[in-house]
Amino acid sequence: RLEGEFMQAGVYSVLPGESLRALVKRAGGLTDKAYLYGSEFSRISTQAIEQQRLKEYADRLEHQLARSSIKMASVGDSSSQGAGQQGQIAAVDRDLIARLRQLQPTGRIVLDLRPHSTGENELPETPLEDGDQLRIPPTPSTVQVVGAVLNQNAFLYHNGARAGEYLHLAGGPNRDADRGQTFILRAGGSVTGHTAGMSIFSSGFEKTPLYPGDTLVVPEKNIGPGAMREFLAWSQMFSQLALGAAAIDVLK
């Protein structure tokens, strides 16, 4: 299935051994509005693998929760207040595990295209499988800043944009921000993380270039026993942004 900025979008029967690039050429190529960098290429077999990984991760968390509950019961606070707090934590974590099991990965495969890629010749020669889908959007006009900032919003993109400029437009990190874990979700599906030991206000990160459709993410500090809690929050956002578990796996 070809969706978006193609000369002849639609559902095609793939020829034996036909590649992604060859199929797009057979469909007449791309329109002038095509934003190749923002291409979303998804595959059913990849989605199944990602779903299995999420299940295995949820199983591990559930096992860790069970072990932790047994340990706290044997050495924990015997008072009613202490027991109540432990019960509340366990209930929240069980709810988060249940929600994690409901996540649906997209099966997206990152094509690793350049921000200024144009034309179907930039697409890889990867062989196609039954059920593959390629969506190429028009060039977006915004960059998003989300997470622990004073003003989560979408801001108009301008040529030569840098991370520091958009962080400033969003009012900067708030008091709950984990500044050392800031990262950029690229429109192409990859993730650009901070350099080890680099502050969010360091000149290196501030000068990181942004491109149309990118999202600058400032995570909140991990509070309490919820490493899983933070993972779930961002994984839900990835799902909403159609980035899927492929992007999640990069961050684990």
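Everything numeric in this text was worked out from a predicted model, so none of it was measured.

Caption draft 1: Inspection of the pairing of strand E6 (residues 153–156) at higher detail. The sheet contact formed by strand E5 (residues 142–147) and E6 spans four bridges and is antiparallel. Residue pairing in the sheet places Gln 144 in a bridge with Ala 154 of E6. Between E5 and E6, which pair antiparallel one after the other, the connecting turn spans five residues.

Caption draft 2: Spotlight on the pattern of salt bridges. Overall, the coordinates contain eleven salt bridges when judged by the stated rule. The residue Glu 125 makes a salt bridge to Arg 21 at a minimum N-O spacing of 3.3 Å. Here Arg 21 lies in helix H1 (residues 20–26) and Glu 125 lies in the loop between strand E3 (108–109) and strand E4 (133–136), a separation of 104 residues in the sequence. Take Glu 125: its relative accessible area is 48%, and that puts it in the partly exposed class. The shortest N-O distance in the salt bridge between Glu 122 and Arg 114 comes to 2.7 Å. Overall, the relative accessible area of 29% leaves Glu 122 in the partly exposed class. Residues joined by salt bridges that share partners form a network here, namely Lys 55, Asp 59, Glu 62 and Arg 101.

Caption draft 3: Seen up close, the sheet that holds E6. Here we have five strands laid out as an open sheet, ordered E6-E5-E9-E7-E8, and mixed in their pairing. Of all the strands in the sheet, the pair left with one neighbour each is E6 and strand E8 (191–193). If you compare each strand with its neighbour and ignore which way they point, the axes differ by 20 degrees on average. Note that strand E7 (residues 183–185) and E8 share three bridges and pair antiparallel. Across the sheet, the residue bridging to Ile 184 is Thr 192, located in E8.

Caption draft 4: Region of interest: the sheet that holds E4. Strand order in the open sheet formed by four strands is E1-E4-E2-E3, with mixed pairing between adjacent strands. Only two strands of the sheet have a single partner each, and these edge strands are strand E1 (2–4) and E3. Looking at chain direction, E1 and E4 are connected through three bridges and run parallel. Paired with Leu 2 across the strands is Leu 134, a residue of E4.

Caption draft 5: How the structure looks around the environment of Arg 1. Mapped onto the elements of the fold, Arg 1 is located in the segment before E1. Spatially, the C-alpha atom of Arg 1 lies 4.3 Å from that of Val 11, the residues being ten residues apart in sequence. Arg 1 has contacts with Gly 10, Val 11, Asp 132, Gln 133 and Leu 134, leaving out every residue within four places of it along the chain.

Caption draft 6: Geometry of the environment of Ala 187. Looking at the element boundaries, Ala 187 is found in the loop between E7 and E8. Contacts of Ala 187, omitting those with residues within four sequence positions, involve Tyr 35, Tyr 37, Gly 38, Arg 108, Pro 212, Gly 213 and Asp 214.

The rules behind these values
- Residues numbered from 1 in each chain as written.
- Predicted model: local features only at pLDDT ≥ 70, side-chain atom pairs only at ≥ 80, totals over all residues.
- Heavy atoms only, no water.
- Pairing = 2+ DSSP bridges.
- Helix = DSSP H or I, 4+ residues; strand = E, 2+ residues; numbered from the N terminus.
- Salt bridge = Lys/Arg side-chain N within 4 Å of Asp/Glu carboxyl O.
- Buried < 20%, exposed > 50% of the residue type's maximum accessible area, 1.4 Å probe, protein only.
- Axes fitted to C-alpha atoms, helices over the stretch in contact; angles between N-to-C directions.
- Contact = heavy atoms within 4.5 Å.

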